[in-house]
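Each chain, written out:
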Amino acid sequence: MWCPIDRLGSMAPIGVRLQIEDGHVVIDNGILQVTLSNPEGIVTGIRYNGLDNVLEVLNDESNRGYWDVVWSALDGSGRTGVFEVIKATSFKVVVESEELVEVSFSRLWDPSLKGKFVPLNIDKRFILLRGCSGFYTYAIYEHLGSQEWQAFSLGETRVAFKLRKDKFQYMAVDDDRRRYMPLPDDRQSERGQPLAYPEAVLLVNPIEPEFKGEVDDKYQYTCENRNLMVHGWISNDPSIGFWQITPSDEFRTGGPLKQNLCSHVGPTCLAVFVGAHYAGDDLVPKFGQGEPWKKVFGPVFIYLNSAMDGQDHLTLWDDAKRQMTVETSSWPYSFPACEDFPKSNQRGMVYGKLLVRDRFVDGNDMPTNAAHVGLALPGEIGSWQRECKDYQFWSKTDENGVFCINNIRTGNYNVYAWVCGFLGDYRNDSVITITPGCNFDVGTLVYEPPRNGPTLWEIGIPDRSAAEFYVPDPNPLFVNKLFLDQPQNKFRQYGLWERYGELYPQGDLVYTIGESDYSKDWFYAQVPRKKEDNSYEGTTWQIKFKLEIVQQTSTYKLRIALAGASLAELQVRVNDRNKPRPLFTTGLIGRDNAVPRHGIHGLYWLYSVDVSSSLLLEGDNTFYFTQPRSQSPFQSIMYDYIRLEGPNTETVV
């Protein structure tokens, strides 16, 4: 795959040149020049389109472009939450030709380094191609299967770039979220006021007055993996774009719905591969003493583009999106010189059809449209969303339910799926073995979502999100102006959790089936209520409904799908809110922290509760949903969908 020549001229591109100096390595293809520290492998400079360095020259060289990790020892040594910029100790030229240069910066671990560095062998690679307006980077991480190798957890790993704040001031993470951004100086104490947590800052005296009164928080710009393919920054003078393109999700943890940071005030541009945000410890891989593990993260592409004189510099975003499609269509790349990165002919393909069978909805099996179908390590139903050590491969069905998953690494997998509009997760019980060049037809798969009887009533849409529920207007003192006219992003505003107590200062939410509207009457998150003394208390929501007939000696089924939970508990009682023991409790669950992180979902939870007919009344009934945990305002539950099913007394055909 070859990048298009930058629009600086029409001359044939020159060959790639490599210059090795005592403290630096310089790679140049006539379009851009990349400088890396030798042997550490830190990107210290990127020269492009007349700008000597697009990276922040005010920063130390070690704080411009780098790979990093956050890790914790699991052997009781006390090393926890260690942030470490990966500094290599050995440099090697892997490939050197006029067509491409690939260089390696590696660091080996041994037991003498225990407690000093993350217990991984790490090999960082950088590639520059002829005629290419950007460069590629990837890394191979390895934990050896020897008892001398320390047990540890990997809380985060990523690539970070810090750009020049005097140049790059326009950011784009998707079509709706692109704007001129505040300066990092505006977040300092003399210009900004920290809010409920350090990441959220109210801009009280920004350098540019247009930002006064706004809240800046990097979590307002996070993205789901499935939508996080390109993001970055634009400079007005000179007119330059700097973009991080991720051409495949296969090496990112947690599947398509996992949310990650990308670009934010700094100006900072990230490629996050492993992280606990919006999930918690479940998405932190843990490695036992001597547990063998090896994984390739990337390659990702750092793309630079420029606008011609008189051209709107904001068109650089459109060009970056076009380049993203070029990169994704070229995956897997053919040029990395790494035996651990299989080429296209060393991978396999899986195809088939996915149908849904729910006889209470349709008498026939229904084709799925835009259902997510994927391959991940063999595991329990739904385990893909917590899988964080290996690779995952995902696709979507067409309108007939047909899917095709290409370029799968060799190995053993289960087929997983979920279908918007239906509860739960699908998993094919058969383990699939992918071999080089295989085309594996799984045939017609039929998902039978959880169902015992007819729907008596339902609240919400089963789509793993709370977006359809009521999201309040933000406090006008704490807004991000970008989202004021974007109802689809309204949940990203700061401080929405405080609005619940303002809407319900005394009693809690009451939802009446047949009268209430979940888009207006069901708050997007069940959060604690703030009291007058600024402490918080748990809340009990009510669902009121009528039953004309209760079928005696029968069991009704209450389905509760949660879109997220953070150190919360859901207790369910029926027709008696003061009953000492609830009919059902989840126990303490979740660490996704989605509410303060401006998310509309975290991890997915599904519960099925048997409700004996002896607990129900002919006429008026009430379910009481209590979330009692209230040490923090962020201990909360987000609902996805709730359904009450009647007993199955008829034969469904």
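Residues numbered from 1 in each chain as written. Predicted model: local features only at pLDDT ≥ 70, side-chain atom pairs only at ≥ 80, totals over all residues. Heavy atoms only, no water.

Asker: Kindly report on the overall build of the protein, identifying the contributing residues and their values.
Answerer: Counting its secondary structure elements, the protein contains three helices and 45 strands. A globule of 653 residues ought to have a C-alpha radius of gyration of about 26 Å, and the protein, at 27 Å, matches this closely. Each of the three principal axes of the protein carries a C-alpha extent, and together these read 85 × 60 × 55 Å. Every one of the 653 residues in the protein was classed for burial, and the buried ones make up 58%. (Helix = DSSP H or I, 4+ residues; strand = E, 2+ residues; numbered from the N terminus. Rg over C-alpha atoms; globule rule 2.2 N^0.38 Å. Buried < 20%, exposed > 50% of the residue type's maximum accessible area, 1.4 Å probe, protein only.)

Asker: Residue-level account of the packing of aromatic side chains, with values.
Answerer: Within the structure shown, the criterion is met by 51 aromatic pairs. Over the ring of Tyr-391 we find Lys-295, and its NZ or CZ is 5.3 Å from the ring centre. Cation over ring: Arg-597 sits above Tyr-197, and NZ or CZ is 5.8 Å from the ring centre. (Phe/Tyr/Trp six-rings, centres within 6.5 Å; stacked < 30°, edge-to-face > 60°. Lys NZ or Arg CZ within 6 Å of the ring centre and 35° of its normal.)

Asker: Could you give me a rundown of empty space enclosed by the protein, with the residues and numbers involved?
Answerer: Throughout the structure, instances matching the rule amount to six cavities of 30 Å³ or more. Approximately 100 Å³ is the volume attributed to the largest cavity. Every residue lining the largest cavity is counted, 13 residues in all, and those nearest its centre are Leu-257, Gln-385, His-601, Gly-602 and Leu-603. Considered class by class, the residues forming the lining of the largest cavity number six nonpolar, five polar and two charged. By volume, the second largest cavity is sized at about 40 Å³. Lining the second largest cavity are Trp-418, Val-419, Cys-420, Phe-422, Leu-423, Gly-424, Pro-462, Asp-463, Arg-464, Tyr-604 and Asp-640. Of the residues contributing to the lining of the second largest cavity, the split by class is seven nonpolar, one polar and three charged. (1 Å grid on protein atoms, 1.4 Å probe; cavity = no way out; pocket = protein on both sides within 12 Å on 5 of 7 lines; lining within 4 Å. Points joined across faces, edges and corners; volume = space filled by probe spheres on them. Nonpolar A, V, L, I, M, F, W, Y, C, P; charged D, E, K, R; others polar.)

Asker: Tell me what's going on with helix α2 (residues 496–503), and back it up with residues and numbers.
Answerer: Residues Leu-496, Trp-497, Arg-499, Tyr-500 and Gly-501 constitute the buried set of α2. Its buried side turned inward, α2 meets β36 (529–530) and β38 (539–547). (Contact = heavy atoms within 4.5 Å.)

Asker: Break down the sheet that holds strand β8 (residues 100–107) for me, with residues and values.
Answerer: The antiparallel open sheet is built from nine strands, whose spatial order is β7-β8-β9-β10-β24-β19-β18-β12-β13. The open sheet has two edge strands with one neighbour each: β7 (90–96) and β13 (178–180). Sheet twist, expressed as the mean angle between neighbouring strand axes with direction ignored, is 20°. Inspection of the sheet shows strand β12 (residues 168–172) paired to β13 by three bridges, in the antiparallel sense. Residue pairing in the sheet places Tyr-170 in a bridge with Tyr-180 of β13. (Pairing = 2+ DSSP bridges. Axes fitted to C-alpha atoms, helices over the stretch in contact; angles between N-to-C directions.)

Asker: Please set out unusual backbone geometry residue by residue, giving values where relevant.
Answerer: A cis geometry characterises the amide bond from Asp-237 onward to Pro-238, with omega recorded as 0°. Among the structural elements, Pro-238 can be located in the loop between β18 (230–235) and β19 (240–245). Each neighbour pair has its own omega, and for Gly-298 with Pro-299 the value is 5°, a cis peptide bond. Mapped onto the secondary structure, Pro-299 falls in strand β24 (residues 293–306).

Asker: Mind laying out the pattern of salt bridges, listing which residues take part and the relevant values?
Answerer: Following the criterion strictly, the structure yields 43 salt bridges and no others. Two residues, Arg-125 and Glu-102, come together in a salt bridge whose shortest N-O distance is 2.8 Å. Here Arg-125, found in strand β9 (residues 121–129), pairs with Glu-102, found in strand β8; they are 23 residues apart in sequence, far enough to count as distant. For Arg-125, a relative accessible area of 8% puts it in the buried group. Using a relative accessible area of 0% as the deciding quantity, one classes Glu-102 as buried. A salt bridge links Asp-429 to Arg-427; the shortest N-O distance between them is 2.8 Å. On the basis of relative accessible area, Asp-429 is assigned to the exposed category, the value being 62%. (Salt bridge = Lys/Arg side-chain N within 4 Å of Asp/Glu carboxyl O.)

Asker: Now, about helix α1 (residues 315–329): what can you tell me, with residues and values included?
Answerer: Between its first and last C-alpha, α1 extends 22 Å over 15 residues, near the 21 Å set by a 1.5 Å rise per residue. Along α1, the residues that are buried comprise Leu-316, Trp-317, Asp-319, Ala-320, Gln-323, Met-324 and Glu-327. Around the axis of α1, the buried residues are gathered within 155° of arc, so they sit on the same side. Its buried side turned inward, α1 meets β10 (134–143), β12, β13, β18, β19 and β24. (Expected span 1.5 Å × (residues − 1). Arc of directions from axis to C-beta.)

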